[in-house]
Amino acid sequence: MKQDIEINAADGVAKAAIFRPDNGASAKRGVIFYMDAMGPRQALYDMAQRLADAGYIVLLPDVFYRFGAYGPFSGTSFGDPAARERIMAMVRGTSQEMTKRDSAAFLDALTAAGATGPVGTVGYCMGGARALTAAATYSDRIAAAATFHGGNLASNAEDSPHRLAADIKGRVYIGVAGVDNSFPPEQSARLAEALRIGGVDHMIENYIGMAHGWTVPDHGVYDETGAERHWKRLLNLFQETLA
C-alpha cells in the first residue's frame, strides 16, 4: 500500500512514498530505501512494496528533490546521452553531506508513520553509499544497512562512507556486482579493512556473473536469479536485526 507524502528536508520539500504491507498487517519496523541514480519510479516502487509486504514500513524518498521536476528515467536511461548527462549532473550535485542531513528528516518521517523501533537502510547504486553514511551518522537508530551494486563506497573522496566505518553500530551487508567499475576490487578491500578495524559486524559478498544494476527489474542487466538471491540476503538481514 503506497502513500505519497512530502518531507520538510534539509534544503526544501522532498517528495517521498511510504509503503505498508498490502495485506493490512500492522508494521512497526522501518526501512529507508535509498534510490539508484534514475530516481523513484515504478520499478523501485515495486521493490519497496515487496519489502513492505515482509512486515516493514518502507520510506522511499527522492534525494534529487533540490533539482525540481526531472525524468522520468528508467534503468535503461544511461543509454541516452542527454538523459545520462542530466542524471550524472544530479548525482554530482547531491553530496553525501546533503543526504546525511536529509536523513534526519527521513527518520522523523518514518517515526511519524509509526516505525518506532530500530530502522534499517538499503541502497542501490548511488544509494548504497548513502545507506552506509546514514547508518554511521544515526547509529543509535539504524540497526542494519545493506547496499547492492553500490558505487564509490571506499573511494579517495573526503566524504567516502568507509571513513565513517568506526561510527557504525549496526550490522552491514555489501552485495557486490561481479564486475563493477564504480566499486573495483581495491575499494572492496579498503572497505573491508575499514569495517574490520571499526569493529563492524559485516559481510561483503560477490555476486559473480552479475552486472551493476542486476537487482532492479527495469535495468537491461537485471538477473532474476541474482535478484532473488539479493532478496533472500536482505530480508534475512532485517529479520535478524530489526526484531
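This text goes with the structure placed above it.
Each chain carries its own residue numbering, running from 1 in the written order of its sequence. Whole-chain, interface and lining totals are the exception, using all residues; otherwise, since this is a predicted model, local features are given only for residues with pLDDT of at least 70 and side-chain atom pairs are given and counted only at 80 or more. To obtain the side-chain values, all non-hydrogen atoms of the structure were used and water was disregarded.

Colleague: Help me get a handle on the overall build of the chain, residues and values and all.
Modeller: Per the secondary structure count, the chain includes 6 helices and 8 strands. Along its sequence from the N terminus, the chain presents helices and strands in the succession β-β-β-α-β-α-α-β-α-β-β-α-β-α. Along the first, second and third principal axes, the C-alpha set of the chain runs to 45 × 45 × 35 Å. Summary of the burial criterion: residues with accessible area below 20% of their type's maximum are buried, those above 50% are exposed, and those between are partly exposed, where the area comes from a 1.4 Å probe applied to protein chains only. Expressed as a percentage of the 243 residues in the chain, the buried residues total 53%. Any two residues whose heavy atoms approach within 4.5 Å at even a single point are treated as in contact. A sequence separation of at least 24 residues applies to 75% of the contacts in the chain between residues at least 6 apart. Accessibility throughout is a Shrake-Rupley quantity obtained with a 1.4 Å probe, and a residue counts as covered only by protein chains that appear here. A total accessible area of about 10,300 Å² is found for the chain, and carbon and sulfur atoms account for 51% of it. In DSSP terms, a helix is any run of H or I states spanning at least four residues, a strand is any run of E spanning at least two, and both are numbered starting from the N terminus.

Colleague: Explain the side chain of T147 residue by residue, including any values.
Modeller: Inspection of the secondary structure assignment puts T147 in strand β6 (residues 142-148). Apart from the residues lying within four places of it in its own chain, the contact partners of T147 are G123, G128, L132, L153, Y173, I174 and G175.

Colleague: So what's going on with the sheet that holds β6? Residues and values would help.
Modeller: Strand order in this open sheet of 8 strands is β1-β2-β4-β3-β5-β6-β7-β8, and the pairing throughout is mixed. Unpaired on one side and paired on the other, β1 (2-9) and β8 (202-211) mark the two borders of the sheet. Across this sheet, the average inter-strand angle for adjacent strands is 20°, counted without regard to direction. Bridge count between strand β7 (residues 171-179) and β8: 7 bridges; the pairing is parallel. Bridge pairing links V176 to N206 in β8. Every axis in this analysis is a line fitted to C-alpha atoms, fitted for helices over the stretch in contact. Angles between the N-to-C directions lie between 0 and 180 degrees. Strands β1, β2 (12-19), β3 (29-34), β4 (56-61) and β5 (119-124) of the sheet are contacted by helix α1 (residues 42-53), whose axis makes an angle of about 160° with β4. Docked against the sheet, helix α6 (residues 224-241) engages β3, β4, β5, β6, β7 and β8, running at close to 170° with respect to β6. At least two bridges found by DSSP between two strands are what make those strands a pair.

Colleague: Tell me about the pairing of β5, and please be specific about residues and values.
Modeller: Of all 6 residues that make up β5, 6 are buried, and the element is covered over most of its length. Here β5 shows no split at all, with V119, T121 and G123 on one side and G120, V122 and Y124 on the other all buried. Relative to β5, β3 runs parallel, the two sharing 5 bridges. In the strand pairing of β5, F33 is matched with V122. When the strands point away from the viewer, a crossover counts as right-handed if the route from the first strand across the helix to the second turns clockwise. A crossover links β5 with its parallel partner β6, the connecting element being helix α4 (residues 126-137), and its sense is right-handed.

Colleague: Go over the nonpolar core, please, and point to the residues and values.
Modeller: The biggest cluster of nonpolar side chains holds 79 residues, and the ones touching the most others in it are V122 and F238. Looking at which element gives the most residues to this core, the answer is α4, with 7 residues. Excluding its chain neighbours within four sequence positions, the residues that come into contact with F238 are R29, V31, L51, Y56, G120, T121, V122, A144 and A243. Nonpolar core, defined: a set of buried Ala, Val, Leu, Ile, Met, Phe, Trp, Tyr and Cys residues in which side-chain atoms within 4.5 Å join the residues together.

Colleague: Before we move on, could you go through the pairing of β7 and cite the residues and values that matter?
Modeller: The pairing of β6 with β7 spans 5 bridges and is parallel. Each bridged residue has a counterpart across the sheet, and for F148 the counterpart in β7 is G175. Each parallel crossover has a hand, and for β7 linked through helix α5 (residues 185-197) to β8 it is right-handed.

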